[in-house]
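Coordinate inspection notes
In case you want the letters, here they are:
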Amino acid sequence: MDKHTEETLNRLLARAGLEMAETDRARFIPMLETYMESLDKLHSINLAGEQVGGVFRPETDEDR
C-alpha cells in the first residue's frame, strides 16, 4: 500500500477512535488495495456523461 493511503487509513481509524490489530490490518489491506485498483480503473474510463450503477458481489476470493 502506498504511504499516502496508509496514512489516510490511520487518520480515519484514529478519528473514529478505532484501533486495528495487526492481524486485522494484514487481512484488510489487500482488500483495500483491490478496491483501490478497481476504483482507479473506474476513474480512468470516459463515460461521456453516462451514470454508473454499483453492484454488490458477496463472493470472496475463495469463490472465484
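Up top you'll find the structure we're talking about.
Description of the structure in this document. (Residues numbered from 1 in each chain as written. Predicted model: local features only at pLDDT ≥ 70, side-chain atom pairs only at ≥ 80, totals over all residues. Heavy atoms only, no water.)

**A word on the environment of Leu9**
Stated formally: Runs of E in the DSSP output that reach at least two residues are strands. Runs of H or I that reach at least four are helices, and both are numbered from the N terminus. With a 1.4 Å probe rolled over the protein chains alone, any residue whose accessible area is under 20% of its type maximum counts as buried; one over 50% counts as exposed, and the rest are partly exposed. Only heavy atoms enter the contact rule, under which two residues are in contact if any of them lie within 4.5 Å.
Note on placement: Leu9 falls in helix H1 (residues 3-15). Of the residues examined, Leu9 reaches a relative accessible area of 9% and is grouped as buried. On a C-alpha basis, the gap between Leu9 and Tyr35 in space is 14 Å, while along the polypeptide they are 26 residues apart. Sequence-distant contacts of Leu9, that is, excluding residues within four places in its chain, are made with Arg25, Phe28, Ile29 and Leu32.

**What to know about helix H2 (residues 22-44)**
Our working definition: To estimate how far a helix should extend, the number of its residues minus one is multiplied by 1.5 Å. Bend is the name given here to the angle between axes fitted to two runs of seven residues, the run ending at a residue and the run starting at it.
The terminal C-alpha atoms of H2, which comprises 23 residues, lie 32 Å apart, in line with the 33 Å expected from a rise of 1.5 Å per residue. Roughly 25° is the biggest bend found in H2, and it falls at Phe28, with proline Pro30 one to four residues downstream. Among the residues making up H2, those that are buried are Arg25, Ile29 and Leu32. As for H2, its buried residues are in contact with H1.

**As for the side chain of Arg25**
This is how the line gets drawn: Throughout this description, a polar contact denotes any pair of N or O atoms lying within 3.5 Å of each other; where both atoms belong to protein, one of them has to be capable of donating a hydrogen while the other can accept it, and for residues adjacent in sequence the pair is counted only when both atoms sit in side chains.
Mapped onto the elements of the fold, Arg25 is located in helix H2. A distance of 3.0 Å separates the side chain of Arg25 from the side chain of Asn10, its partner in a polar contact. Once residues lying within four places of it in the same chain are set aside, the contact partners of Arg25 are Glu6, Leu9, Asn10, Leu13, Met20 and Pro30.

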